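# A look at the structure
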Amino acid sequence: MTLIPDSTPNQADVIIVGAGIAGLSCATRLAEAGLRVLVLESSDVPGGRARSWADPGTGIDVDIGPHVLLNKYPNMRALLECLGTADQICWQTEELLTVLDEGKHLQFKVGGLPAPLHYVRNLPQVLRKVPLHHLFSNIRLGWRTMRSTPQELMSLDDQSGRDYLRSVGVSPGFIDWFWASASMAILNVPVEQCSAASLMRLLAQGLGHNDLAFGFPKVGLSELYAWPAIRLLERSGGEIRFNRAVNGLHRRYADVAGVTLADGSTVNAAAVVLAVQPTAIESVLPPDHSLASTAARFEPSPYVSCYLWFDRPLTNARFWARPWSPECFNTDFYDLSNIRNGATGPGSMIATNIIWSHRVAGMSDQAIIDATLDEIADFAPEARQAHLVNAAVHRIPMSVPCARPGIETSRPQVRQEQGLFVAGDWVDTGLPFCMESATRAGALAAEEVLAERGVTVSLALPTPVPGGLTKWLRRNDSAKGF
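Structure report, in brief. The model shown is predicted, which means the values in this text are computed figures rather than measured ones. (Residues numbered from 1 in each chain as written. Predicted model: local features only at pLDDT ≥ 70, side-chain atom pairs only at ≥ 80, totals over all residues. Heavy atoms only, no water.)

Quick look at the pairing of strand β18 (residues 332-335) now. Burial of β18 is two-sided: the residues D332 and Y334 facing one way and the residues F333 and D335 facing the other way are all buried. The pairing of strand β17 (residues 319-321) with β18 spans three bridges and is antiparallel. Bridged to F319 within β18 is Y334. Inspection of the sheet shows β18 paired to strand β19 (residues 349-355) by four bridges, in the antiparallel sense. Within β19, the position partnered with D335 by the bridge is I350. (Buried < 20%, exposed > 50% of the residue type's maximum accessible area, 1.4 Å probe, protein only. Helix = DSSP H or I, 4+ residues; strand = E, 2+ residues; numbered from the N terminus. Pairing = 2+ DSSP bridges.)

Now for the pattern of salt bridges. Per the stated rule, a full pass over the model turns up 20 salt bridges. The shortest N-O distance in the salt bridge between R404 and E299 comes to 2.6 Å. With R404 in the loop between β20 (388-401) and β21 (415-417) and E299 in the loop between α12 (290-295) and β16 (300-310), the pair connects residues that are 105 residues apart, well separated along the chain. Residue D378 pairs with R384 through a salt bridge whose shortest N-O separation is 3.5 Å. The exposure class of D378 is partly exposed, given its relative accessible area of 38%. By relative accessible area, R384 is classed as exposed at 52%. Linked through salt bridges whose partners overlap, the residues forming this network are D13, R36 and R453. (Salt bridge = Lys/Arg side-chain N within 4 Å of Asp/Glu carboxyl O.)

Before going further, it helps to examine unusual backbone geometry. Omega for the bond connecting A115 with P116 falls within 30 degrees of zero, at 5 degrees, which places this linkage in the cis form. Note on placement: P116 falls in the loop between β9 (104-108) and α3 (123-127). Positioned with a positive phi, E102 is a non-glycine residue whose angle comes to about 50 degrees. One non-glycine residue with positive phi stands out, namely N243, at about 55 degrees.

With 132 residues, the main nonpolar core has I16, L30, W179, M200 and V259 as its most contacted residues. If one sorts the elements of this core by residue count, helix α14 (residues 435-452) sits on top with nine residues. Leaving out residues up to four positions away in the same chain, L30 has contacts with V14, I16, L35, V37, A446, V449 and L450. In this structure, L100, I354, I368 and I376 belong to the second largest nonpolar core, which totals 23 residues. (Core = buried A, V, L, I, M, F, W, Y, C linked by side-chain atoms within 4.5 Å. Contact = heavy atoms within 4.5 Å.)

Ordered in space as β11-β3-β2-β15-β22-β21, the six strands form an open sheet in which the pairing is mixed. A strand with exactly one partner marks an edge of an open sheet, and here the two such strands are β11 (239-241) and β21. Across the sheet, the mean angle separating the axes of adjacent strands is 20 degrees when strand polarity is ignored. Docked against the sheet, helix α1 (residues 21-32) engages β2 (14-17), β3 (37-40) and β15 (271-274), running at close to 165 degrees with respect to β2. This element, helix α10 (residues 221-235), spans β3 and β11 of the sheet and lies at about 125 degrees to β11. (Axes fitted to C-alpha atoms, helices over the stretch in contact; angles between N-to-C directions.)

Moving on: the environment of E382. Within the element layout of this structure, E382 appears in the loop between α13 (365-379) and β20. For the pair formed by E382 and S337, sequence separation is 45 residues and the distance between their alpha carbons is 15 Å. Filtering out sequence-adjacent residues up to four positions away, E382 remains in contact with R312, P313 and L314.

Let us look at helix α8 (residues 172-187). Counted at 1.5 Å a residue, the expected span for α8 with its 16 residues is 22 Å, but the 20 Å between its end C-alpha atoms falls short. The sharpest bend along α8 measures roughly 35 degrees and falls at W179. Those residues of α8 not exposed but buried are F174, I175, W177, W179, A180, S181, A182, S183, M184 and L187. A positive backbone phi angle near 60 degrees is found at N188, which sits one or two residues after α8. (Expected span 1.5 Å × (residues − 1). Bend = angle between axes of the 7 residues up to and from the residue.)

Printed below as a string of structure tokens:
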């Protein structure tokens, strides 16, 4: 940081750089605590990697890409409750997931038995695709995961998911059928390239809850949380400035920090929270700063999202998936006409995700649309007779950071030094890279900002603790959530 010896009064108590989930989560909490909060956003809209806008062809709200919530996201759900939009989530409780696998619709459900026995009801579905001995090859894995402490799971961070699964006896056939798809769908990275720690933390949660449910926003993401958060921020005396790119951090003297904007002006505050993705850190901090060095290790996982409008309804489903295959394109599909209560037009509006999209980077939008149409028709044959009214392709450089081996133990702490904090899905939240991690990071950053001012308060909700039989299998020293 450069020393700027001037006497300009503070323009805020806290500057938050970035108006994504983490930044707005932090900003609303600090403003409600009575601090003067200024949010600086480089674009002209809030939301970051979870935003929406009106499609120019239809006028209907579309997200940058479809996002899914889990009912085990306590911080995100608490934020929506605070914003008054919690009722804008459509929860899929009757089943967990429908998978289209070689023309067959496999429906997976949870519940009925205590965790981890709640998956037993899916055995007939699984055995249609996987021999029993392949399924049983996961017993050692499940037992070890349920018995492990969070610290023991994190010790696996130097191994890839595939290497670890094979080391504990999981059959290659089951890895290819299940774990390859799970890694791509949840971590957005191939199983042979993902951190075993990241993958096993997910397994620990999956084995520990018999009531998992997916939630789908009934409105665009910006209307779900971003604009409501800004309205709350402003009611609480905070301020947001759009089109304010930050290209440097400065410190005037020991207890006052601030930022330099792209136009050369400065804004001062007692604390700065960098609520930006890791690829943006290099534009704010010098390359020799420890946080900049850490951020440079985080590689983006890109994806492509398609939005397709049809002249007629195609399905009754809200959501379905396909097993991961490098020869296929999309992994998950959402018929938003069954989620958004008629706000999508008279026919089906289907959104899809092509995860880890390097393989389609050189394809034209039309080629991607054609391939997506074929994959939708595999699930909903009516699509072959339907007329495509409109289509849009969104190419997103980063969905989440890649959960590669070594990255979990590289995730930075929220408090970096006096007056400097970092928030985002990529900081050390005890969660995978997701909206819940970003929301929790914002709450943790708000706690640390207040603590530096002598105020001790708990704002971040803990990660869920596995229950059922899993709770009794866990060791006494693993009392915290994964």
